[in-house]
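# Inside the fold
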Amino acid sequence: MFEEPWAHDARGHRLRHDLRSADPYQRTRAEIELPVWAYREARLRGDDPGADAAWQVFRQTRQQQRDRADDWWAAQATHELVSTAAAFDDIDRAVREVLEWHPRLDTRDLENDNTGRTDVRTFVSACTQVLSSPASAAHPQRAVVRAALRDIEHRAGEWLSTYNHDEIREIDDIYAIHESGNELEEESVTNVVTGGLPAIAGGQILDLAGAALTALETNDDTAALSELVRRLEQTGEAPSLLHLLQARRAAATGALPAALHELQLAARATDPLAPRLLPQIHATAGTLQALHDPAELDEGIAACRTGRQSGVRWWRRTTAADAALARLLLWRALLPDTPPDRRAADVREAVRLARRRCRPWHHPSVDERVVLHDARAARDALSGGDNTGRQRRAWRSAVTKPSTVTEQARLALAWATWAVGTGDQELAAEAYQHLVGLVPLDAAARYGQSAKQRVLAAAQEHTAEAGYWLARTRRYREAVVALETGRAIGLSEANGRDDSAVHARLRAAGQHELAEEYRLARAEVDQQERHPSARPGHAWQRLRDVAARAAEVLGTDPLALSVSYADITAATGDGALVYIAAAKAGGYALVVAARHDPQFIELRTLDRRTVARLVAELLPLTRDGATVRGAEPVRDLRPTSRAVDRTTSMLSTLWKNGVHDLVLHSVRGRVVTFVPVGQLSLLPLHAAGEPGTPGDTYTEWRRAGHFSAIRYAPNARGLRRCQATVRALPSGEQRLLAVDVADAAGGGAHLPHVARETTGIARCWPGAVTIAHNCTWQRFQDTADEHTVWHLACHGSAQPHSILDSRLYFADRQVTLKELRDVLRPGQRRLAVLSACESNLTGTALPNEVVGLPSALLQVGFAGVIASSWKVDDLATAYLMTAFHRQWREEGHEPVVALNHAMQWLRTATRDDLAAMLPDVEPGGDAGPYPYLAPRYWAAFAYTGA
């Protein structure tokens, strides 16, 4: 064996010798491999014309071999050529070879075609060689190569080798890190407008202005700022400050042209305060100018320099404009068309400005510290030095320094942006974990609803990515905690502060007055959320003050949102808890059972792109983004054949792309709880499966419900609360309120079977039921509190893009989700059954927050909720619900198991079975022996809770 460079020369001699071999296999191999060797030889010498000539010879030889049908070695040789081209950054040639190769692959009979299997495996390896090359990052056809790779993975996935799958996973990770970095950078740019502008402080009036801006940018609270602006307008004492504040208010709302106009007026002001404010005025103008029109970046930098010059004195070498100037210099330095000399000069100046500004005696702000880290990272990247370890230590030190939660969250975002940019999985996992841990604290610290929504919206991406990178680095417990922390933050916060146990524990400790204070403060916050006032911060501050005093007595903060792995495992007493998420690199699940370490299952084909497509199939949208479904509240709408195919196809894709592997190999049990993350929470995972045929042992098991009764939970903490409610309610003392509305207010088709449904289920509740036919909203409110089980058979409609406008239809009026949340009184209740269309849909803007009818009912005290994910058939629903109540009340199954059995019964029910269930009606459904076999009839209803 020779070592390089002798091995390369030796191989050339051997190939030339084999051209004269009597063995046709050796001769054919030498013919095709010799031009590949010559191509590498030319590249090693830097001979571009020689490389071109060798490539042309290779293509001619390959075609000649194909013409005479002896191209046995063509795939291997092409792979070697592509790999060599990628290694020498000849990406155009590598991409061309791969894209010409792709249409020639035959995947029709890979089970019996050994050559075909070898070809697809070799092709996959060639694609990954191209895509992993840094030189391919900016190639215009890189996405086409990846699409070809994904196509072969889809067509021949089961025949690829383990090595191939590892290669594809590495490519997915590269893309995921790149996309995460882009998204984090975009979020960081947005933060410049909402919180990265120069601070205002120094003197009483300026401190008031700084506090007012903090309230605006952190909580969207304009009260203090409006009051200060009104005062300045009345007194006319500081026009420069007045215009600066009005500019900041305009910038916070996105009105950048108006903000720039106000800053022009501020710069021309001549009041005594103006000289002190000039650095902030010019730096703010420069930053907003560059954000408004990136083509004016140079002008923005010039404005920041003007601000710096206005503040520099011989005894003061730093100004409030320095951080903004450094940020814009880094922006220009990182542009691809910036000349190298200017790039280096800009980075050096940015480091110098940021380092001076961050000296301890200047009390640097969070944004100034972030700029310093960014400047150092840019300097290291330009110099080629590897200072990752030093930077990592610096970030760890920065994020542990005392500061407000909101400031810590902004630092954590910057840390994650840097860590993802390094491409190091360990660094990305650590930074994401820290970021996700701060999200609920940041959300809780904000009392403005729109500000809270911004934090939660940003958390949607971070949660799934944090779980993925932590799991990939084998930190499985931390991955589960990250997913739990970022899931249903708003619901956990509301449940925590509304926990009646806090009031009871304070009274038991003899703190009766404090218990009453806590109750009143909590009620004030609830009232504020239902009917916002002009001063929302007062109610929240009072609750926080009372909660802090309660924490001294109880030992725990009632408003704390921290969670441990032990808290999560405590919810697994009656079955496994399965977190399912879709990251950019692929889907995954983490199974928590008892107190063991979680089990990590890769669901690679259930990636974010696939999930988004399935959600689009479930919720077809018009061009303006409004949902098509729910416009007409028709419970018995008969789906079209296209809708039938869409539903069946969606459930089949869910089964094949991950749920199959999950339930078949990793998750079993009488009851299994799914905690889907992000957009996966919008999909009916419990119904995933193939259509199947009753009695056919080959197909009948291909459904998730065949293995376990599957329920959902917003998170483990919410599930524990539901479980506690079940334990507190004696099962023998339940009372049912059965409501039906055949003719709803506001139109909609007559529902002929809802009265039959409520009458049928009432037979399962002898002596413990109230039936309300054609129920009005007022009658429902008058009687609901007396019952622990509600069954509502009526019209329903959902607006996933405006979820609080979703509604139930009573005989006298329509009631929106917002009104239900405002009106329903808390209390311990067992189950709510929403036998109506689309009652299980949640908001698409914040899917992790699971805002919808089920979560609203859980929040007011229900242990479980049954609701539907799409429009349901009236008669099929009557059969299903009657079977459910029989399974629960007569057979003794717990509700989630009873629902699973009822679904299986309806799937396989014959017309005789249906006639026996409801003898006074002719069964509907499809033609054939099993009228309701199709999943659109039985799969819509899902169980949430315990």
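Worth saying up front: this structure is predicted, and the values here are computed from it rather than measured.

### Some remarks on the overall build of the chain
In terms of helices and strands, the chain carries 38 helices and 14 strands. In the chain, which comprises 946 residues, the proportion classed as buried is 56%. Put simply, 71% of the contacts in the chain that link residues at least 6 apart link residues at least 24 apart.

### A look at the nonpolar core
Counting residues in each nonpolar core, the largest one holds 84 residues, and the members touching the most others are I568, Y579, V739, F780, W790, L808 and L857. The element best represented in this core is helix α19 (residues 405-422), accounting for nine residues. Once residues within four sequence positions are removed from consideration, V739 is found in contact with T758, A772, C775, F780, H791, L792, A793 and F810.

### As for the pairing of strand β2 (residues 586-592)
Counting buried positions over the seven residues of β2 gives seven, a clear majority of the element. Two strands pair when backbone bridges link them, and strand β1 (residues 577-583) and β2 are joined in this way by seven bridges, in the antiparallel orientation. Paired with I580 across the two strands is A589, which belongs to β2. Between β1 and the antiparallel strand that follows it, β2, lie two residues. Taken together, the five bridges between β2 and strand β3 (residues 599-603) define a ladder with antiparallel strand orientation. The residue of β3 that forms the bridge with L590 is F600. Joining the antiparallel neighbours β2 and β3 is a turn of six residues, in which A594 adopts a positive phi near 55°.

### What to know about the environment of T485
Mapped onto the elements, T485 comes out in helix α22 (residues 476-485). Of the residues examined, T485 reaches a relative accessible area of 9% and is grouped as buried. With near-sequence residues (within four places) excluded, T485 lies in contact with V436, G437, P440, V563 and R717. Side-chain polar atoms of T485 contact the backbone oxygen of V481, separated by 2.6 Å.

### Re the side chain of H139
Summarising the element assignment, H139 is placed in the loop between α6 (114-131) and α7 (142-156). Ignoring any residue separated from it by four or fewer positions in sequence, one finds H139 in contact with I91, D92 and V95.

### Remarks on the sheet that holds strand β11 (residues 814-816)
Backbone-to-backbone hydrogen bonds join strands into a sheet, with any given pair of strands oriented parallel or antiparallel. Ordered by their spatial adjacency, three strands build an open sheet running β9-β10-β11, and the pairing between neighbours is antiparallel. Each edge of the open sheet carries a strand with a single partner, namely β9 (796-797) and β11.

### Re α19
The terminal C-alpha atoms of α19 lie 26 Å apart, and with 18 residues this matches the ideal 26 Å at 1.5 Å per residue to within 8%. Within α19, 13 of the 18 residues are buried, leaving the element largely enclosed by the surrounding structure. A positive backbone phi angle near 75° is found at G423, which sits one or two residues after α19.

### Description of helix α12 (residues 256-268)
Along an α-helix, a turn takes 3.6 residues, which lines up residues three or four apart on a common side. In a regular helix each residue adds 1.5 Å, so 13 residues correspond to 18 Å; α12 covers 19 Å between its end C-alpha atoms and thus fits that length. Where α12 is concerned, the buried positions are L256, A259, L260, E262, L263 and A266. Viewed end-on, α12 has its buried residues packed into an arc of 160°, placing them on one side of the element. The secondary structure elements touched by the buried residues of α12 are α11 (239-252) and α13 (274-292).

### Here we look at the pattern of salt bridges
One side chain can pair with another of opposite charge once the charged atoms of both are near each other. Inspection of every chain in the model, using the stated rule, returns 40 salt bridges. For the salt bridge of D90 with R43, the shortest nitrogen-to-oxygen distance reads 2.9 Å. In this pair, D90 sits in the loop between α4 (74-87) and α5 (91-101) while R43 sits in helix α2 (residues 24-45), placing the two residues 47 residues apart along the sequence. Judged by its relative accessible area of 12%, D90 is buried.

### Section: the confidence of the model for the chain
Per-chain confidence: the chain averages 80 in pLDDT, with 85% of residues scoring 70 or above. pLDDT under 50 marks residues 184-195. Its contacts with residues more than four places away, or in other chains, come to 25 contacts.

### Structural notes on the packing of helix α18 (residues 388-399) against α19
Running from N to C, α18 and α19 point in directions that differ by 165°, and their axes come no closer than 10 Å. As summarised for this structure, α18 and α19 are arranged roughly antiparallel, according to the angle between their axes. Note that α18 runs across α19; the crossing there is left-handed. Listed contacts from α19 to T388, Q391, R392, W395, R396, A398 and V399 of α18 are L411, A414, W415 and W418. In terms of residue class, the contact of α18 with α19 is built from seven nonpolar, two polar and two charged.

### Concerning the packing of aromatic side chains
Counted under the stated rule, the structure contains 17 aromatic pairs. With a centroid separation of 5.1 Å and 80° between ring planes, the pair formed by Y468 and W469 is classed as edge-to-face. When its relative accessible area of 2% is taken as the criterion, Y468 is described as buried. Overall, the relative accessible area of 0% leaves W469 in the buried class.

### Describing the packing of α13 against helix α14 (residues 297-311)
Where α13 contacts α14, the axes come no closer than 7 Å and their chain directions differ by 175°. By the criterion of interaxial angle, the relationship of α13 to α14 is roughly antiparallel. Note on element contacts: α14 touches α13 through L297, E299, G300, A303, C304, T306, G307, S310 and G311, opposite L278, P279, H282, A283, G286, T287, Q289 and A290. Considering only residue class, the contact of α13 with α14 consists of seven nonpolar, nine polar and one charged.

### Here's the deal with unusual backbone geometry
Unusually for a residue other than glycine, D89 sits at a positive phi of about 60°. Relative to the helices and strands, D89 is located in the loop between α4 and α5. A positive phi is found at R474, a non-glycine position, where the angle reads about 65°. Topologically, R474 is positioned in the loop between α21 (449-472) and α22. You can call R474 exposed: its relative accessible area is 65%.

### Things to note about the environment of G692
Looking at where G692 falls in the secondary structure, it is placed in the loop between β4 (671-676) and β5 (709-712). Residues G692 and L933, 241 residues apart in the sequence, show an inter-C-alpha distance of 8.7 Å. Every residue in contact with G692, bar those within four places of it in the chain, is listed here: T699, R907 and L933.

### Comments concerning the pairing of strand β14 (residues 941-945)
Burial within β14 is extensive, with five of its five residues counted as buried. Bridge count for strand β13 (residues 862-868) against β14 is five bridges, and the pairing is antiparallel. Bridge assignment links A867 to a residue of β14, and that residue is A942.

Cut-offs used in this document
Residues numbered from 1 in each chain as written. Predicted model: local features only at pLDDT ≥ 70, side-chain atom pairs only at ≥ 80, totals over all residues. Heavy atoms only, no water. Helix = DSSP H or I, 4+ residues; strand = E, 2+ residues; numbered from the N terminus. Buried < 20%, exposed > 50% of the residue type's maximum accessible area, 1.4 Å probe, protein only. Contact = heavy atoms within 4.5 Å. Core = buried A, V, L, I, M, F, W, Y, C linked by side-chain atoms within 4.5 Å. Pairing = 2+ DSSP bridges. Polar contact = N/O pair within 3.5 Å; in protein donor to acceptor, adjacent residues only side chain to side chain. Expected span 1.5 Å × (residues − 1). Arc of directions from axis to C-beta. Salt bridge = Lys/Arg side-chain N within 4 Å of Asp/Glu carboxyl O. pLDDT = per-residue confidence, 0-100. Axes fitted to C-alpha atoms, helices over the stretch in contact; angles between N-to-C directions. Parallel < 35°, antiparallel > 145°, perpendicular 65-115°, else oblique. Left-handed = near helix turned anticlockwise from the far one by under 90°. Nonpolar A, V, L, I, M, F, W, Y, C, P; charged D, E, K, R; others polar. Phe/Tyr/Trp six-rings, centres within 6.5 Å; stacked < 30°, edge-to-face > 60°.

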